[in-house]
Amino acid sequence: MSVNWYLGFTTAAVFIVFGIFRLPRKMPRYAQKYEGEKYDFACKTAWRYMWQFGLLFLALNFMLMRSTRLMADLGQTIILGALLVVEFAAVKFLHIPVERAMAEKFGEDTEE
């Protein structure tokens with residue numbers, strides 16, 4: 001039995017596709033806080049970080065898959081699970097670098 005590493009690759013590919021094709025079109029997290037130019041900047045920044053994180057996770061997944069290919073299946077599964085947790089945490093906390101970029105560009109405290 002082998003470990004299904006495609007889960008990590010699929011998650012990274014979703015990051016890349018969402019970032020490049022600017023999906024979702026409307027981001028409720030930023031629509032509630034910002035309007036006009038600030039909203040556009042927040043969305044563009046989030047999309048840019050999405051595809052950049054996707055490329056990072058794609059490389060990390062490939063590196064881990066190649067490094068652990070001779071390990072037992074249980075060890076590979078644990079490493080894959082940890083990688084997926086990190087990828088989902090990146091989705092959850094994507095707003096933090098966007099908020100920093102907003103504060104840097106507009107020179108005000110965007111945290112409310």
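Colleague: What am I meant to see in the environment of Phe53 here?
Modeller: By secondary structure assignment, the location of Phe53 is in helix H3 (residues 36-67). The class for Phe53 is partly exposed, based on a relative accessible area of 25%. Considering only alpha carbons, one finds Phe53 and Trp5, 48 residues apart in sequence, at a separation of 18 Å. If sequence neighbours within four positions are ignored, Phe53 has contacts with Phe15, Ala90 and Leu94.

Colleague: I keep staring at a nonpolar patch on the surface and nothing clicks. Help me out?
Modeller: A contiguous nonpolar surface patch, about 680 Å² in accessible area, is contributed by Val14, Val17, Phe18, Ile20, Phe21, Trp51, Leu55 and Leu58. At the level of secondary structure, the elements contributing two or more residues to the nonpolar patch comprise helix H1 (6-20) and H3. For the nonpolar patch, the element with the most residues is H1, which contributes four residues. Looking at where Trp51 falls in the secondary structure, it is placed in helix H3.

Colleague: Just to check I follow, could you spell out the pattern of salt bridges for this structure?
Modeller: Oppositely charged side chains can form a pair if their charged atoms are brought close together. Taken as a whole, this structure holds one salt bridge when the rule is applied. With a shortest N-O distance of 3.2 Å, Lys33 and Glu99 are connected by a salt bridge. Taken as a pair, Lys33 in the loop between helix H2 (28-31) and H3 and Glu99 in helix H5 (residues 95-106) lie far apart in primary sequence, 66 residues in all. The exposure class assigned to Lys33 is partly exposed, which follows from its relative accessible area of 32%. With a relative accessible area of 6%, Glu99 lands in the buried category.

Colleague: Can you walk me through the packing of H3 against H5 in this structure?
Modeller: Each pair of packed helices can be described by the angle between their axes along with the distance between the axes. For the pair H3 and H5, interaxial distance at closest approach is 9 Å and the crossing angle is 135 degrees. When the axis of H3 is compared with that of H5, the two are oblique. Here H3 runs over H5; the crossing is right-handed. Every residue of H5 that contacts H3 at Glu37, Lys38, Phe41, Ala42, Thr45, Ala46 and Tyr49 is listed here: Pro97, Val98, Ala101, Met102, Lys105 and Phe106. Here the residues of the contact of H3 with H5 are counted per class, giving nine nonpolar, one polar and three charged.

Here is what the cut-offs are and how they apply
- Residues numbered from 1 in each chain as written.
- Predicted model: local features only at pLDDT ≥ 70, side-chain atom pairs only at ≥ 80, totals over all residues.
- Heavy atoms only, no water.
- Helix = DSSP H or I, 4+ residues; strand = E, 2+ residues; numbered from the N terminus.
- Buried < 20%, exposed > 50% of the residue type's maximum accessible area, 1.4 Å probe, protein only.
- Contact = heavy atoms within 4.5 Å.
- Patch = residues over 30% accessible without salt bridge, like charges linked within 9 Å, V, L, I, M, F, W, Y side chains within 5 Å.
- Areas by Shrake-Rupley, 256 points an atom, 1.4 Å probe, with all protein chains shown as cover.
- Salt bridge = Lys/Arg side-chain N within 4 Å of Asp/Glu carboxyl O.
- Axes fitted to C-alpha atoms, helices over the stretch in contact; angles between N-to-C directions.
- Parallel < 35°, antiparallel > 145°, perpendicular 65-115°, else oblique.
- Left-handed = near helix turned anticlockwise from the far one by under 90°.
- Nonpolar A, V, L, I, M, F, W, Y, C, P; charged D, E, K, R; others polar.

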